[in-house]
Amino acid sequence: MFDNRKVVFSGVQPSGNLTIGNYLGAIKNFTAFPEDTMRFYCVVDLHAITVRQVPAELRRRTYETLALYIACGLDPQKNTLFVQSQVPAHAELGWILDCYTMFGELSRMTQFKDKSAKHADNINAGLFTYPSLMAADILLYQTDIVPVGIDQKQHLELARDVANRFNTVHGDTFVVPEPYIPASGMKIMSLQDPASKMSKSDPNENAVVRILDEPDAIMRKFKRAVTDSDSRVARGEGKDGINNLISIYCAFTGKTAEETEREFDGKGYGGFKAAVGEVCVSALRPVQEEFARLMADKAYLESVMKQGAETAAYYARKTMSKVRRKLGFVG
Ligand code: TRP
């Protein structure tokens, strides 16, 4: 906290075409915080380069991610929307926190283990220290609340440990952040392999529904979703596919799983899959329209980035001068 307002911070990587998992699990929840909080939402391009990026694509996706923030309902007048690399304090605090993060802690991160298995030819040091940069993002703004999907919980716990460790050595410096993982922040699973997470980099397009997919592509993907040999629309053991479709339906409609099971009682999988597709299409339509309008106005997006980076840098500076003093850096 910088004043009496609670601080909310979160980040999304500009490293792929975002999925309904990113939307339901993260971005949609960003709009849920009350007016009397201070909200920072960052496009984390420094994190994205831990795996190889094509520069022109990274640039385009940075604009797109910012446009999606706005299209999903984040008003740039009320939220600080910014690009991580435009505020150098992230990299600076990232290095400092590297020196307060243990090798053993980083070795235990499941995302590191997964990504290094997937990118075996490029297990770079940045991939390894990714969580201390993420801790820097959060701690720089004296963040109280971090809305994230469940897959980021382990990184959040590390950020808390690092904050506590620094505070123990140097006296109160950082607010210790709390994760905020709403019920709808549950994992959205792949439509083709519902035992694994829906991933924006899945090579099988049928497995992933993207925020910017055309309506007929969305309908087709849901109709092809892998289910099971049962035919009841009801949650259960061994029914990962149906469990996932029920979660998606609930997240888009706000209904409970029980209500959904009742609604589709005796109706079979075909009709249910089409219904999930329809609620998804209609929820995404306004987002897609606003996104298209924003992407046609680069100058506006650039003005949002510039304003956002200035506001973020102002608060980052406050934390950095405290950190520098505590560490014994001169000036
Ligand atoms: N690691 C997050 C992800 O992959 C992105 C991220 C970077 C983030 N910095 C953050 C999320 C700070 C919340 C807070 O989704």
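Residues numbered from 1 in each chain as written. Predicted model: local features only at pLDDT ≥ 70, side-chain atom pairs only at ≥ 80, totals over all residues. Heavy atoms only, no water.

## Description of the pairing of strand S1 (residues 6–12)
So, point 1. The buried count for S1 comes to five of seven residues, which makes it a mostly enclosed element.
So, point 2. Summarising the sheet, S1 and strand S2 (residues 37–43) pair through seven bridges and their orientation is parallel. Looking across to S2, one finds that Ser10 is bridged to Tyr41.
So, point 3. You can see the chain leave S1, run along helix H1 (residues 20–30) and come back into S2, and the turn it takes is right-handed. (Buried < 20%, exposed > 50% of the residue type's maximum accessible area, 1.4 Å probe, protein only. Helix = DSSP H or I, 4+ residues; strand = E, 2+ residues; numbered from the N terminus. Pairing = 2+ DSSP bridges. Right-handed = clockwise from strand over helix to strand, strands pointing away.)

## A word on the site of the ligand
So, point 1. Looking at the ligand, there are 13 residues lining it, with Gln13, Tyr130, Met134, Asp137 and Gln152 nearest.
So, point 2. Side-chain polar atom of Asp137 to a nitrogen atom of the ligand: 2.7 Å apart, as the coordinates give it.
So, point 3. A distance of 2.9 Å separates a nitrogen atom of the ligand from a polar atom in the side chain of Gln152.
So, point 4. Across the complex, the protein chains shield 89% of the 370 Å² of accessible surface that the ligand would expose by itself.
So, point 5. Secondary-structure elements contributing two or more residues to the shell around the ligand are S1 and helix H7 (125–140).
So, point 6. Top contributing element to the shell around the ligand by residue count: H7, with four residues.
So, point 7. A per-class count over the shell around the ligand returns seven nonpolar, five polar and one charged. (Near = heavy atom within 4 Å. Polar contact = N/O pair within 3.5 Å; in protein donor to acceptor, adjacent residues only side chain to side chain. Areas by Shrake-Rupley, 256 points an atom, 1.4 Å probe, with all protein chains shown as cover. Nonpolar A, V, L, I, M, F, W, Y, C, P; charged D, E, K, R; others polar.)

## Overview of the nonpolar core
So, point 1. Ranked by size, the top nonpolar core spans 62 residues in total, and within it Ile20, Tyr69, Phe222, Ile248 and Phe272 carry the most contacts.
So, point 2. With 13 residues, the top contributor of residues to this core is helix H12 (residues 268–295).
So, point 3. Two domains each provide a minimum of three residues to this core, namely domain 1 (6–185 + 298–327) and domain 2 (205–292).
So, point 4. With residues up to four places along the chain from it excluded, the contact list for Phe272 reads Val233, Ile242, Leu245, Ile246, Tyr249, Thr260 and Phe264.
So, point 5. Counting 42 residues, the second largest nonpolar core, distinct from the first, contains Tyr100, Phe128, Tyr141 and Ala309. (Core = buried A, V, L, I, M, F, W, Y, C linked by side-chain atoms within 4.5 Å. Domains from an automatic or database assignment. Contact = heavy atoms within 4.5 Å.)

## Some words on the domain arrangement of the protein chain
So, point 1. Assigned domains of the protein chain: these are domain 1 (6–185 + 298–327) and domain 2 (205–292).
So, point 2. Spacing between the C-alpha centres of domain 1 and domain 2 amounts to 30 Å.
So, point 3. The interface of domain 1 with domain 2 comprises 12 residues on the first partner and 14 residues on the second.
So, point 4. Between domain 1 and domain 2, roughly 1200 Å² of surface is buried when both sides are summed, and carbon and sulfur atoms account for 80% of that area.
So, point 5. The largest per-residue losses of area from domain 1 upon contact with domain 2 belong to Ile20, Tyr23 and Ala71, which jointly make up 41% of the total buried on that side.
So, point 6. Across the contact surface, domain 1 and domain 2 share zero salt bridges.
So, point 7. Here domain 1 and domain 2 share four residue pairs in polar contact (both at pLDDT 80 or more) between them.
So, point 8. When residues of the side of domain 1 that touches domain 2 are traced back to their parent elements, those giving at least two are H1 and helix H3 (55–71). (Buried area = accessible area lost by both parts, 1.4 Å probe. Salt bridge = Lys/Arg side-chain N within 4 Å of Asp/Glu carboxyl O.)

## Description of unusual backbone geometry
So, point 1. Its identity is not glycine, yet Gln142 carries a phi of approximately 50°, on the positive side.
So, point 2. Relative to the helices and strands, Gln142 resides in the loop between H7 and strand S4 (145–147).

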